[in-house]
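# Summary of the model geometry
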Amino acid sequence: MAVELGGRPGERLCRKLNLAAGRTRLLGLMEEPPTPERAPRVLGVDEFAFRRGRRYGTILVDVETGRVVDVLPDRTSRTFAAWLTTHPGAEIICRDRASAYTKAIKEAAPATLEVADRWHLLQNLSDAVEKTCHQHRPCLKKHAERGGDRPIRLPLVDALPPTRIVQRVLHHHAEVTRMVAAGHPLSDIARRLGLDRKTVRRYRDTSLDHLLDSARDRRPEKLDAFKP
């Protein structure tokens, strides 16, 4: 139960089965699996958050089997390069766009083929499509008003009441804009607002209209009629 469910879910199941085992005891029963001496042929690497915006680690996966190979305590190039040096054998490394991982690969495994993972490719594509749609929103609206064989129905986002996420975007954008104008560096802004540096950079470099459109688009919509 500890391996499959983790701490709190495992504790809830134990309670239903009348087993005296809390989350701390369940997690204490788990043992770290042995790390293979050689890296898998296709190694997947990505960051994850121990605590979002504060502390990150690196997860290494055998892409062909889907099994976790190892977990690194941070996401620095030095730590990943040291792991690659002591665990040779990777022919292909599937990674996200983090520059730290690229630097580590070039230092410790320069002959390895680097590929972008599918999730980040799809994310980059969807971001590009979304950005293009936002840029062409006026002409889409004009086409819809002009009519046609299949008129385009645009959501009336401006008429919707503000949600908590919209209010949060407005607050963060105002704070980031104010602190950037005051000369604060990104790291200082991220620390003061409790945000990741990437998030602060996005608020700095993205227009408020685009940020609000993205926030409003997260509302649940009735899309069943459009699924086909």
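Our subject is the structure that appears above.
Our subject in this report is the structure included herewith. (Residues numbered from 1 in each chain as written. Predicted model: local features only at pLDDT ≥ 70, side-chain atom pairs only at ≥ 80, totals over all residues. Heavy atoms only, no water.)

### Some remarks on the overall build of the protein
So the rule is basically this: Each helix is a run of H or I in the DSSP string that is no shorter than four residues. Each strand is a run of E no shorter than two, and both are numbered from the N terminus. Exposure classes here rest on a 1.4 Å probe applied to the protein chains alone. A residue is buried below 20% of its type maximum, exposed above 50%, and partly exposed in between. Whether two residues are in contact is decided by their heavy atoms: any pair within 4.5 Å suffices. Areas reported here follow the Shrake-Rupley algorithm with a probe of radius 1.4 Å; residue values treat only the protein chains shown as occluding.
A count of helices and strands for the protein gives eleven helices and five strands. Across the 228 residues that make up the protein, the buried fraction comes to 28%. The contacts in the protein between residues at least 6 apart in sequence include a share of 43% that link residues at least 24 apart. Taken as a whole, the protein presents about 16,300 Å² of accessible surface, with 54% of it coming from carbon and sulfur.

### A short note on the packing of aromatic side chains
Operational definition: Centres within 6.5 Å make a pair out of two Phe, Tyr or Trp rings, where for Trp the six-membered ring is used; the pair is then stacked when the planes are under 30 degrees apart, edge-to-face when over 60, and tilted otherwise. By definition here, charges over rings are those cases where NZ of Lys or CZ of Arg is within 6 Å of the ring centre and within 35 degrees of the ring normal.
If you walk through the whole model with that rule in mind, you get two aromatic pairs. Relative to Phe50, the ring of Phe48 has its centre 4.7 Å away and its plane inclined at 65°; by these criteria the two rings are edge-to-face. Ring centres of Phe80 and Tyr101 lie 5.6 Å apart, and the angle between their planes is 80°; on these two criteria the pair is classed as edge-to-face. Placement of the pair is Phe80 in helix α4 (residues 77-86) and Tyr101 in helix α5 (residues 99-108), with a sequence separation of 21 residues. Residue classification places Tyr101 among the buried residues on the basis of a relative accessible area of 1%. Across the ring face of Phe50, the terminal group of Arg55 is positioned such that the distance to the ring centre comes to 4.1 Å. Looking at Arg75, its charged tip hangs above the ring of Tyr56, at a distance of 3.9 Å from the centre.

### Some thoughts on a nonpolar patch on the surface
Spelled out, the test is: Candidate patch residues must exceed 30% relative accessible area and have no salt bridge, after which like charges are joined if within 9 Å and Val, Leu, Ile, Met, Phe, Trp or Tyr side chains if within 5 Å. The term salt bridge refers to a pairing of a side-chain nitrogen on Lys or Arg with a carboxyl oxygen on Asp or Glu at a separation within 4 Å.
On the surface, Met1, Leu5, Leu13, Leu17 and Leu19 cluster together into a nonpolar patch covering about 410 Å² of accessible area. For Leu5, the location among the structural elements is in helix α1 (residues 2-5). What makes Leu5 partly exposed here is its relative accessible area of 39%.

### Quick look at the packing of helix α8 (residues 164-181) against helix α10 (residues 197-205)
For the record, the criterion: In this analysis, axes come from line fits to C-alpha atoms, helices being fitted only over the stretch in contact, and the angle between any two N-to-C directions falls in the range 0 to 180 degrees. The scheme is simple: roughly parallel for angles under 35 degrees, roughly antiparallel for over 145, roughly perpendicular for 65 to 115, oblique for anything else.
One can describe the packing of α8 onto α10 by two numbers: an axis separation of 9 Å at closest approach and a directional angle of 85°. Judged on the interaxial angle alone, α10 and α8 are roughly perpendicular. Touching Arg168, Val169, His172, His173, Val176 and Val180 of α8 are Val200, Tyr203 and Arg204, all from α10.

### So, the side chain of Thr58
Convention followed: What qualifies as a polar contact is a pair of N or O atoms within 3.5 Å, subject to a donor-acceptor requirement within protein and to the restriction that residues adjacent in sequence count only when both atoms come from side chains.
When you line up the elements, Thr58 lands in strand β2 (residues 55-62). Taking relative accessible area as the criterion, Thr58 reaches 1% and is therefore assigned buried. A polar contact is formed between the side chain of Thr58 and the backbone oxygen of Asp74, at a distance of 2.7 Å. A distance of 2.8 Å separates the side chain of Thr58 from the side chain of Tyr101, its partner in a polar contact. Sequence-distant contacts of Thr58, that is, excluding residues within four places in its chain, are made with Val45, Asp46, Glu47, Phe48, Asp70, Val71, Leu72, Asp74, Arg75 and Tyr101.

### Regarding the pairing of strand β5 (residues 113-116)
Cut-off, in case you're wondering: In this scheme, strands are said to pair when DSSP sees at least two bridges between them. Handedness of a crossover is defined as follows: orient the strands so they point away from the viewer, and if the path from the first strand over the helix to the second runs clockwise, the crossover is right-handed.
For strand β4 (residues 92-95) and β5, the ladder comprises four bridges, and the chain directions are parallel. Across the sheet, residue Ile93 finds its bridge partner in β5, namely Glu114. For the crossover that starts at β4, traverses α5 and ends in the parallel β5, the hand is right-handed.

### Comments concerning the environment of Ala81
With respect to the helices and strands, Ala81 occurs in helix α4. Contacts of Ala81, omitting those with residues within four sequence positions, involve Ala104, Glu107 and Ala108.

### Describing a positive patch on the surface
For clarity, the threshold we go by: Counted as positive: Lys and Arg. Counted as negative: Asp and Glu, with His and the chain ends omitted from the count. Taken as the charge location is NZ of Lys, CZ of Arg, CG of Asp or CD of Glu.
On the surface, a cluster of positive charge is contributed by Arg8, Arg12, Lys16 and Arg23. Broken down by element, the positive patch gets its largest block of residues, three residues, from helix α2 (residues 7-16). The residue Arg8 is located in helix α2 in this model.

### So, the pairing of strand β1 (residues 42-51)
Sheet topology note: the β1/β4 ladder contains four bridges and is parallel. Following the sheet pairing, Leu43 is matched in β4 by Ile93. Bridge count between β1 and β2: eight bridges; the pairing is antiparallel. For Asp46, the partnering residue across the bridge sits in β2 and is Ile59. Here β1 hands over to β2 after three residues, with Gly53 in that stretch at a positive phi of 85°.

Geometric values such as these leave the question of function open.
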